[in-house]
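Chains, contacts and geometry: an overview
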Amino acid sequence: VQAGEYVVRNPKRADRRPGSFRINLRTGKWGDFIPGGPAGGDPVSLAAWLHDISQAEAARELARCLGIPVEGD
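Residues numbered from 1 in each chain as written. Predicted model: local features only at pLDDT ≥ 70, side-chain atom pairs only at ≥ 80, totals over all residues. Heavy atoms only, no water.

1. Notes on unusual backbone geometry
Even without a glycine there, the phi angle at Ala 3 is positive, about 50°. Looking at where Ala 3 falls in the secondary structure, it is placed in the segment before strand S1 (5–8). Of the residues examined, Ala 3 reaches a relative accessible area of 86% and is grouped as exposed. In the Ramachandran plot, Asp 52 falls in the positive-phi region, its phi being about 55° despite a non-glycine side chain. (Helix = DSSP H or I, 4+ residues; strand = E, 2+ residues; numbered from the N terminus. Buried < 20%, exposed > 50% of the residue type's maximum accessible area, 1.4 Å probe, protein only.)

Below, the structure written as structure tokens:
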């Protein structure tokens with residue numbers, strides 16, 4: 001953690017060291033801060049990007065992980 005941000009290697013490309021991929025622990029904004037890199041503003045968009053699924057499906061999966069009932073389950 002650096003200055004309130006979780007700083008790691010990009011989980012979807014072969015970074016050699018942490019630095020460009022960050023998640024702001026206060027706001028939830030995240031991104032790969034290379035020119036044109038992916039970015040988002042909340043945990044749902046992060047989960048969707050990480051798992052290559054829609055934001056709706058990411059929201060359902062996060063709810064299940066947190067033990068929140070999901071309609072249709």
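2. Let's talk about the environment of Thr 27
Within the fold, Thr 27 resides in the loop between strand S2 (21–24) and strand S3 (30–32). Residue Thr 27 is classed as partly exposed on the basis of its relative accessible area of 35%. Measuring from C-alpha to C-alpha, the distance between Thr 27 and Gly 67 comes to 23 Å, with 40 residues separating the pair along the chain. Within polar-contact distance, the side chain of Thr 27 engages the backbone nitrogen of Lys 29 at 3.2 Å. (Polar contact = N/O pair within 3.5 Å; in protein donor to acceptor, adjacent residues only side chain to side chain.)

3. Concerning the packing of aromatic side chains
Here the structure, examined in full by the defined rule, presents three aromatic pairs. Here Phe 21 and Trp 30 contribute two aromatic rings whose centre-to-centre distance is 6.1 Å and whose plane-to-plane angle is 40°, an arrangement assigned as tilted. Pair check on accessibility: Phe 21 and Trp 30 agree, each one buried. Connected via pairs of aromatic rings, a cluster forms that spans Phe 21, Trp 30 and Trp 49. Its guanidinium or amino end placed over the ring of Trp 49, Lys 12 lies 4.9 Å from that ring's centre, counting from NZ or CZ. (Phe/Tyr/Trp six-rings, centres within 6.5 Å; stacked < 30°, edge-to-face > 60°. Lys NZ or Arg CZ within 6 Å of the ring centre and 35° of its normal.)

4. As for the side chain of Asp 32
Along the chain, Asp 32 falls in strand S3. When its relative accessible area of 3% is taken as the criterion, Asp 32 is described as buried. A distance of 2.5 Å separates polar atoms of two side chains, one belonging to Asp 32 and the other to Asn 10. Within the local environment of Asp 32, its side chain forms a polar contact with the side chain of Arg 13, the two groups lying 2.7 Å apart. Sequence-distant contacts of Asp 32, that is, excluding residues within four places in its chain, are made with Asn 10, Arg 13, Ser 20, Phe 21, Gly 37 and Pro 38. (Contact = heavy atoms within 4.5 Å.)

In short, the description is geometric, and any link to function would need to be established separately.
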